[in-house]
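One-letter residues, chain by chain:
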Amino acid sequence: MTSTVQLGPEALFVLGLYLATTLAIGFVARTRRQSGAPEDYFLGGKATGALLLFFTMQATQYSGNAFFGFTGMGYRNGLIWILSIPLISLIITTQLSFAPRLYILSKRHNYLTPADYYAHRYDSVALRLIVAVLTILSMFPYLMIQAEATGHAVVALSSGALPFWSGVVFIAIIMGVYISVGGWRGVIWTDALQGVLLTIAMLAATFAIVGLAGGLDGVLSTLDRIQPSLLAAPADIERLTSGWLSLLIVSAIGFAMYPQAIQRIYAAANERALKKSFIAMLFVPFILGACTLLIGLSGAALNPGLEGAQSDQIFGLLLARLTAEYYWLVVFVLCGLLAAIMSTASSVVLTLSSIFTRDIYQTTMRPRANNRELAMVGRLFVVVILVLVVLASTSSTTTLWRLTEIKIEFLMQLFPALILGLYWRRITRWPAVWGILGGSLVAATMMLTGHARWWLFQAGLYGFLVNLAICVVATWCMRAPDTKEQQRLRRDFFGIFTVNE
Amino acid sequence: MPRKSGIKEPGSLGFWLLVASLVLLCVPYLFVLFLDVSEPRFFGIPAWFYLSVAAALGISVVSVQRIVKHWDIENKLP
């Protein structure tokens, strides 16, 4: 993809400068460590202010996928990709359904991972393990994609001097060091740097690429002539529903359940910080979503004819065309792209490390492990998962967006048990367990039998509806929680927010 | 169950119905049902595009309104 970009050794120097800065941030973050507790290593002692919280949310949400997957979607779908704006802003809107209560509960009960809530609310080790395993399995392919993208970015920045595998290994080592050394603070401070870089890079790339295509008027008139279908919405209700309404619903729920996004709710210093970062996040998609649309449309005007996974390469192809005229801009954009990939990957790796340490290692192997041991296991897991990701990263023939969809269609199966557990005291562990397993099974079966989309909706949405139905019907069919359980729920959950409980 | 005194939470039935309506407006159903997905155009861009942008903006604005005016828990708890 971006290997067609021709850059000189000075680009490698800029890359080295950027990577050295992220390493330095990791080591400075280490000096700010407050204690050896897992809460401090994985969540910075839950004291993250509004500005850093916003940057880490933004940098984590916009990965290399924004540069390649989103621009590919704009290229393939045309103007209707304006729906990328509500697609992203609806994530925060959906989180309004659970974040206010979950934030308070996480402070009171010292939650570290998403599964901490499920295990505590439903008093179930089985549910903790199911949530942990489902989360790790859903997120792992996503990390592979990020690793693959780092390889391409490094190949481009070095003009082929560094081979693909060395890029993947080198960046993984850099990330491994700053995550292990700096923990949460290392990750979110680098996120702040990377968030600024990726935003400026995306804006700069958009202006340059639209300019190359003859400005907005030029893009529209070219598309009107060669691909007018890109300027019109799908003209039948079935395609609009299966292609777009279903996508908006699945994305809103699935992205909201990202484990790293839930940990950012836990990590807020206070409610005020969380509210401010949410407000800012609601408007970011208007800038970055518009950029991906404009890049995709310009790509369709300048370089039509790419199909399927090939269309994800449009951003790289456009950068290659810009190299002669905007050399330093291309270097900067490639660094921004690397920043986008690294910020997301490092957040996901740290989150998966906390999930393994708390939900699997401590729960099933060493319940009495001390803080020092847990922090050590967390650091080791960072190294192990990065090695696995490097070994598994290969070129994919599926579009980046499709891989993203698969991930969120499984993550959304965690939503019913979360939301019903927060607002419905009658629901108990077994309906929640059956719901998650049933929903995931339906989604997996449909995908594996070639029904990733069936009639109006995606497989994950059918799984979600089955999941919800199981939770509700099974809860009504089973006995209400006994007195002791009701007292526990009142004390630890519902009595915090409501009267007469 | 009624909430404790002073506690405000952003979610409400009215809010979710409004968000659902705005999501439906984002997807250009109206133009498929009653108009043309290619016409009319303003500044070279079809009208459904502007409606989608306006509905997306509406989702963000009502969400911000709920966050600012209807989310206050931490300060009200003992």
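Residues numbered from 1 in each chain as written. Chains lettered and ligands numbered in written order. Predicted model: local features only at pLDDT ≥ 70, side-chain atom pairs only at ≥ 80, totals over all residues.

## Topic: the overall build of chain B
Helix and strand content of chain B: three helices and two strands. Overall, chain B shows an N-to-C arrangement of helices and strands of α-α-β-β-α. For chain B, the spread of C-alpha atoms along the three principal axes comes to 60 × 25 × 10 Å. The buried share of chain B, taken over its 78 residues, is 31%. Across chain B, contacts joining residues at least 24 apart in sequence account for 69% of those joining residues at least 6 apart. (Helix = DSSP H or I, 4+ residues; strand = E, 2+ residues; numbered from the N terminus. Buried ≥ 20, exposed ≤ 12 C-beta atoms within 10 Å, placed from the backbone. Contact = placed C-beta atoms within 7 Å.)

## Overview of the overall build of chain A
For chain A, the count of helices and strands is 22 helices and two strands. The C-alpha atoms of chain A give a radius of gyration of 23 Å, which matches the 23 Å a tight globule of 501 residues would have. Oriented by its inertia axes, the alpha-carbon framework of chain A measures out at about 75 × 55 × 40 Å. Classification of the 501 residues of chain A by burial places 58% in the buried group. Partitioning the contacts of chain A with sequence separation of at least 6, the portion at a separation of at least 24 is 84%. (Rg over C-alpha atoms; globule rule 2.2 N^0.38 Å.)

## What about the interface of chain A and chain B?
On the chain B side, the residues contacting the 39 residues of chain A number 36 residues. If you tally residues by element for the side of chain A that touches chain B, the top one is helix H5 (residues 84-95) of chain A, at six residues. Here the residues of the side of chain A that touches chain B sort into 28 nonpolar, six polar and five charged. (Nonpolar A, V, L, I, M, F, W, Y, C, P; charged D, E, K, R; others polar.)

## A short note on the environment of A:Ser246
Residues and elements named next belong to chain A. Along the chain, Ser246 turns up in helix H11 (residues 237-256). Taking the number of C-beta atoms within 10 Å as the measure of exposure, Ser246 has 20 and is therefore buried. Taking the C-alpha atoms as reference points, Ser246 and Leu456, separated by 210 residues in sequence, lie 7.4 Å from one another. Setting aside anything within four residues of it in sequence, one finds Ser246 in contact with Thr241, Leu456, Phe457, Gln458 and Leu461.

## Let's talk about unusual backbone geometry
Residues and elements named next belong to chain A. Phi angles above zero are rare outside glycine, and Asn110 is one such case at about 55°. Mapping Asn110 onto the fold places it in the loop between helix H6 (99-109) and helix H7 (114-122). In this structure Asn110 comes out as partly exposed when scored by C-beta crowding, with 15 C-beta atoms within 10 Å. Positive phi outside glycine occurs at Trp455, with the angle close to 55°. By the element assignment, Trp455 lies in the loop between strand E1 (453-454) and strand E2 (457-458).

## A short note on the nonpolar core
Residues A:Leu143, A:Ala153, A:Ala172, A:Met175, A:Leu334, A:Leu337 and A:Val349 are the most contacted members of the largest nonpolar core, which totals 193 residues. Per-element accounting of this core gives the leading share, 19 residues, to helix H9 (residues 164-212) of chain A. (Core = buried A, V, L, I, M, F, W, Y, C linked by C-beta atoms within 7 Å.)

## Side note on the environment of A:Ala233
Among the structural elements, A:Ala233 can be located in the loop between helix H10 (215-226) and H11. Between the C-alpha atom of A:Ala233 and that of A:Leu203, which follows or precedes it by 30 residues, the distance is 26 Å.

## Details of the environment of A:Leu386
All names here are of chain A. Within the fold, Leu386 resides in helix H17 (residues 371-392). The class of Leu386 is buried, set by 25 C-beta atoms lying within 10 Å. Sequence separation between Leu386 and Ile173 is 213 residues, and the spatial gap between their C-alpha atoms is 8.1 Å. In contact with Leu386, other than residues within four places in its own chain, are Ala172, Met175, Gly176 and Val349.

## Details of the confidence of the model for chain B
Scored by pLDDT, chain B comes out at a mean of 91, with 99% of its residues at no less than 70. Scoring of the predicted complex yields 0.93 for pTM and 0.95 for ipTM. (pLDDT = per-residue confidence, 0-100.)

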